[in-house]
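Structural features, examined
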Amino acid sequence: MSNFPTEDGLLVILSIETPMSPPLVRSLDDDDLLPEYEVLHTDDQRTVIQYEISYVPAPHEAILSSGNLIQFPLPIRNGWAIADLTTSNKQLSRLKDAFDLAEVTYDVGIIQQSTDSVDLLTDRQQEFITEAVERGYYDSPRECTLTELAELHDVSKGAASGILHRAERRIIKQFLGKPPI
């Protein structure tokens, strides 16, 4: 769920979801690999423990040294930590190099460039597109004409057409994964 670097290593809060929580706690007590821990919560479906380790694991160190941050929670399934990472291309390249240097095995599932939809359109384009959708301009049959949209915004029909066209171009290019400009 979370971790925090300490002077001596790493403080970890781990949530384990299993329908066998009571037997799990008993098996943790018998495991020499896990350091001393404290049970923060346990019920029939989940156990939450806190423990401290005296080192920073190689994957964690590689992520930090590359200038990236770990986003929690970090699910672990079948021995693999599954992470979503929001980063720049430069930091992603640094992460790859850090993983390779630390000999961390990794698999990249998807790399996706994302543009915040709020920043995709200008305020004016956002106003026009929102009004066009709300008034039925994109419905079939149309419930609002380009002339009506232009009149609502006190611009010429040509100006309204240009604003909508530029907004539509950005939206379509974003959808296709192309640069929106």
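Anything mentioned here points back to the structure above.
Scope of this entry: the structure provided in the associated data block. Note that the coordinates shown come from a computational prediction; the quantities given were computed from them, not determined experimentally.

Scoring rules and cut-offs
- Residues numbered from 1 in each chain as written.
- Predicted model: local features only at pLDDT ≥ 70, side-chain atom pairs only at ≥ 80, totals over all residues.
- Heavy atoms only, no water.
- Axes fitted to C-alpha atoms, helices over the stretch in contact; angles between N-to-C directions.
- Helix = DSSP H or I, 4+ residues; strand = E, 2+ residues; numbered from the N terminus.
- Parallel < 35°, antiparallel > 145°, perpendicular 65-115°, else oblique.
- Contact = heavy atoms within 4.5 Å.
- Nonpolar A, V, L, I, M, F, W, Y, C, P; charged D, E, K, R; others polar.
- Pairing = 2+ DSSP bridges.
- Phe/Tyr/Trp six-rings, centres within 6.5 Å; stacked < 30°, edge-to-face > 60°.
- Buried < 20%, exposed > 50% of the residue type's maximum accessible area, 1.4 Å probe, protein only.
- Lys NZ or Arg CZ within 6 Å of the ring centre and 35° of its normal.

1. Observations concerning the packing of helix α5 (residues 123-135) against helix α7 (residues 157-175)
Look at α5 against α7: their axes get within 9 Å of each other, and the N-to-C directions meet at 95 degrees. With respect to α7, the element α5 is oriented roughly perpendicular. Between α5 and α7, the residues in contact are Arg124, Gln125, Phe128, Ile129 and Ala132 and Ala160, Ile163, Leu164, Arg166, Ala167, Glu168, Arg170 and Ile171, respectively. Its residues assigned to classes, the contact of α5 with α7 comprises eight nonpolar, one polar and four charged.

2. Comments concerning the pairing of strand β4 (residues 46-53)
One ladder, built from eight bridges, connects strand β2 (residues 10-17) with β4; its direction is antiparallel. Across the sheet, residue glutamate 17 finds its bridge partner in β4, namely arginine 46. Relative to β4, strand β3 (residues 37-42) runs antiparallel, the two sharing five bridges. Bridge pairing in β4 places glutamate 38 opposite glutamine 50. Between β3 and β4, which pair antiparallel in sequence order, lie three residues.

3. A word on the packing of aromatic side chains
Enumeration according to the criterion identifies two aromatic pairs in this entry. A ring pair is formed by phenylalanine 99 and tyrosine 106, whose centres lie 5.2 Å apart and whose planes are at 35 degrees; its orientation type is tilted. Judged by relative accessible area, phenylalanine 99 falls into the buried class, the value being 11%. Pairing tyrosine 137 with tyrosine 138 gives two aromatic rings, centres 5.0 Å apart and planes at 85 degrees, and the pair type is edge-to-face. By relative accessible area, which is 9% here, tyrosine 137 ends up buried. Looking at tyrosine 138, the relative accessible area reads 37%, which means it is partly exposed. A cation over a ring is seen here: arginine 142 above tyrosine 137, with NZ or CZ 3.9 Å from the ring centre.

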